[in-house]
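Summary of structural features
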Amino acid sequence: MNIEVINRFDELIDECIETFESLDFPEARAWKSAEPGRALIGCFPVYAPVEIFHAAGALPVGLAGAGNRLEISHADARFQSFVCSIIKSTLELGMVGKLDDFDGLVFHSICDPARNLASVFTRNFPNTRVEYVHFPQRLHSEEAVTYLEREYRRILDWATATTGRSVTDEELRRSIALYNAIRTGIRWLYDFRRAEPHKLSTRELYALVRYGHVAPPEKHLRLLTHAFDELQRREGKPKDRARILLVGSFCEQPPLDLIASIESAGCYVVDDDFLLGRRFFSADVADSRNPLRDLADAYVNHSVDSSVKHDLGHSKAEALVARARAYDADAVVVLTAKFCEPALFDYALYRKAFHEAGMPHVFLEFEEKMWLFDKVKTEIETFVESLLFT
Ligand code: SF4
């Protein structure tokens, strides 16, 4: 995609969507083939320390499943039926050769299916380098940052062995600065939508963020800067819609048409947790003399709430209600992937907190292979009517 020659904002969004919906990873492959020695590292959601891979000379590519664009023919035989869609579609991508150009794949300790997927990839693709990041489970332990710094050192060694390049602290700091700039751009977009949701739809915001999962970060930053300029000039009138906070889609992603259906059913989404990994920190990663420790500190002490992070220091449910109030949300929509245990465990706690706080909410499930959205749209329309007319 040539960002600079696209004049219209809607065309830019369409190009982003076409790019990330392609199962051939066109931007990533083009980047890799442009120079010898370049590598692609696929990163399963939710959060991956992409700065480490970038500094090592690889392009970290977000693996976000295959949506409803791939028939599952081989992966079904390797997993139980009661497993979320992203697990099967990611494996299917590998089975049909769509990940052949990837030099490494990284998974994380987010749930049992993700751990099993890492093992299944290791067994089925002996020539692909597969790694697994163990995030600390006791975030309030004094050792958590030191432990994660050590874990990142191990991951850095794996990344440099994958790309065949050594990495200096200066290179790591430059990669951190680049991703800090991207996170700042994404935060700006989220703030803009919250303040003026009639000028930036969630479908558009989603496209701008997800493009960065499959394109070089330098190019993503240019896209965000371009969008920033376009949005400053955009005009629009607010409509009478319900302001909702949407949570539960932090890992597997709902179909884009489902996101659009929720909006067209009469909602302004004022916050969400789509594609959470690329905006996992609430502030910039610090810039000290020890970049791996800075990254570890950001994860342990400055990351956002997520169902796959076990922070016993505060109640995620109460924080969610407080966020809904702070963002002037009328209600919360809990939209979770079918069979996603971390989301379902949290929903039990959220529901209690919503009832206690008098916060209206609706619970919906999705899976990648959804084609019809009328039922969801009707449910949301009914919910919105109950909010606006009672
Ligand atoms: S959608 Fe949920 S269960 Fe599935 S891999 Fe992601 S966190 Fe795990």
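Please refer to the structure higher up on the page.
The sections below set out a description of the structure shown in this document. The residue numbers shown here count from 1 along each chain, following its written sequence. Selection of residues for local features in this predicted model requires a pLDDT of at least 70, selection of side-chain atom pairs for listing and counting requires 80 or more, and totals for whole chains, interfaces and linings are taken over all residues.

So, the overall build of the chain
Our working definition: Strands here are runs of E lasting at least two residues and helices are runs of H or I lasting at least four, both read from the DSSP assignment and numbered beginning at the N terminus. Radius of gyration means the value over C-alpha atoms here, while the globule rule gives 2.2 Å times the residue count to the 0.38 power. Neighbour counting defines burial: a residue surrounded by 20 or more other C-beta atoms within 10 Å of its own C-beta is buried, one with 12 or fewer is exposed, and intermediate counts give partly exposed, using backbone-placed C-beta atoms. Contacts here follow a simple rule: the backbone-placed C-beta atoms of the two residues must lie within 7 Å.
Counting its secondary structure elements, the chain contains 14 helices and eight strands. The globule rule puts the C-alpha radius of gyration for 390 residues at 21 Å, and the 20 Å found for the chain is close to it. In the chain, buried positions account for 45% of the 390 residues. Of all intrachain contacts in the chain linking residues separated by at least 6 positions in sequence, the fraction that spans at least 24 positions is 76%.

A word on unusual backbone geometry
In this model, Pro 45 is joined to Val 46 through a cis peptide bond whose omega is 15°. Mapped onto the fold, Val 46 is located in the loop between strand 1 (39-43) and helix 3 (50-55). Look at Phe 25: it is not a glycine, yet its phi comes out positive at around 50°. Counting through the fold element by element, Phe 25 comes out in the loop between helix 1 (9-21) and helix 2 (26-34). Owing to 25 C-beta atoms within 10 Å, Phe 25 belongs among the buried residues under this scheme. A positive phi angle, near 70°, is found at Phe 339, a position not held by glycine. Within the secondary structure layout, Phe 339 lies in the loop between strand 7 (331-337) and helix 13 (341-357). By C-beta crowding, Phe 339 is classed as partly exposed, having 18 other C-beta atoms within 10 Å.

Some remarks on the site of the ligand
Definition in use: Being near a molecule or strand means, for a residue, that its backbone-placed C-beta atom lies within 6 Å of it. Each residue is assigned to one class: nonpolar for Ala, Val, Leu, Ile, Met, Phe, Trp, Tyr, Cys and Pro, charged for Asp, Glu, Lys and Arg, and polar for all the others, Gly among them.
Surrounding the ligand, one finds 15 residues, the nearest of these being Cys 84, Cys 111, Cys 251, Glu 252 and Cys 340. Of all the secondary structure elements, the ones that give two or more residues to the shell around the ligand are helix 4 (85-95), helix 5 (112-124) and helix 13. At three residues, the largest contribution of residues to the shell around the ligand is made by helix 13. Looking at side-chain class alone, the shell around the ligand contains 13 nonpolar, no polar and two charged residues.

Looking at the sheet that holds strand 5 (residues 242-247)
Basically, it comes down to this: Paired strands, as defined in this entry, are two strands with at least two bridges between them according to DSSP. Here, axes are lines fitted to C-alpha atoms. For helices the fit covers the stretch in contact, and angles between N-to-C directions go from 0 to 180 degrees.
One open sheet accounts for four strands, arranged 6-5-7-8; its pairing is parallel. Because the sheet does not close on itself, it has two edges, and the strands there are strand 6 (267-272) and strand 8 (361-366). Strand-to-strand twist of the sheet, defined as the mean angle between neighbouring strand axes without regard to direction, takes the value 30°. Direction of pairing for strand 5 relative to strand 7: parallel, over a ladder of four bridges. The partner of Val 247 across the bridge, within strand 7, is Val 334.

Considerations on the sheet that holds strand 1
Read from one edge of the open sheet, four strands run 2-1-3-4, paired in parallel fashion. Each of the sheet's edge strands pairs with one partner strand only, and the pair in question is strand 2 (58-62) and strand 4 (129-133). Ignoring which end each strand starts from, the neighbouring axes of this sheet average 25° apart. As defined by bridge partners, strand 3 (residues 104-108) adjoins strand 4 across five bridges and the pair is classed as parallel. Directly across from Phe 107, in strand 4, lies its bridge partner Tyr 132. Docked against the sheet, helix 2 engages strand 1 and strand 2, running at close to 170° with respect to strand 2.

Topic: helix 2
Going by this rule: This arc is built from the directions going out from the helix axis to the C-beta atoms.
Along helix 2, the residues that are buried comprise Glu 27, Ala 28 and Lys 32. Buried residues of helix 2 fall within an arc of 130° about the axis and therefore sit on the same side. Residues of helix 2 that are exposed and angled more than 90 degrees away from the buried face: Ala 30, Ser 33 and Ala 34. Next to the buried residues of helix 2 lie helix 1, strand 1, strand 2 and helix 8 (202-214).

A closer look at the pairing of strand 5
Convention followed: By convention, a crossover is right-handed whenever its connection, traced from the first strand over the helix to the second and viewed with the strands pointing away, goes clockwise.
Burial analysis of strand 5 places five of its six residues in the buried class, the great majority of the element. Relative to strand 6, strand 5 runs parallel, the two sharing five bridges. In the strand pairing of strand 6, Leu 246 is matched with Asp 272. Handedness of the crossover joining strand 5 and strand 6 through helix 10 (residues 256-264): right-handed.

Spatial relationships are all this shows, so hold off on functional conclusions.
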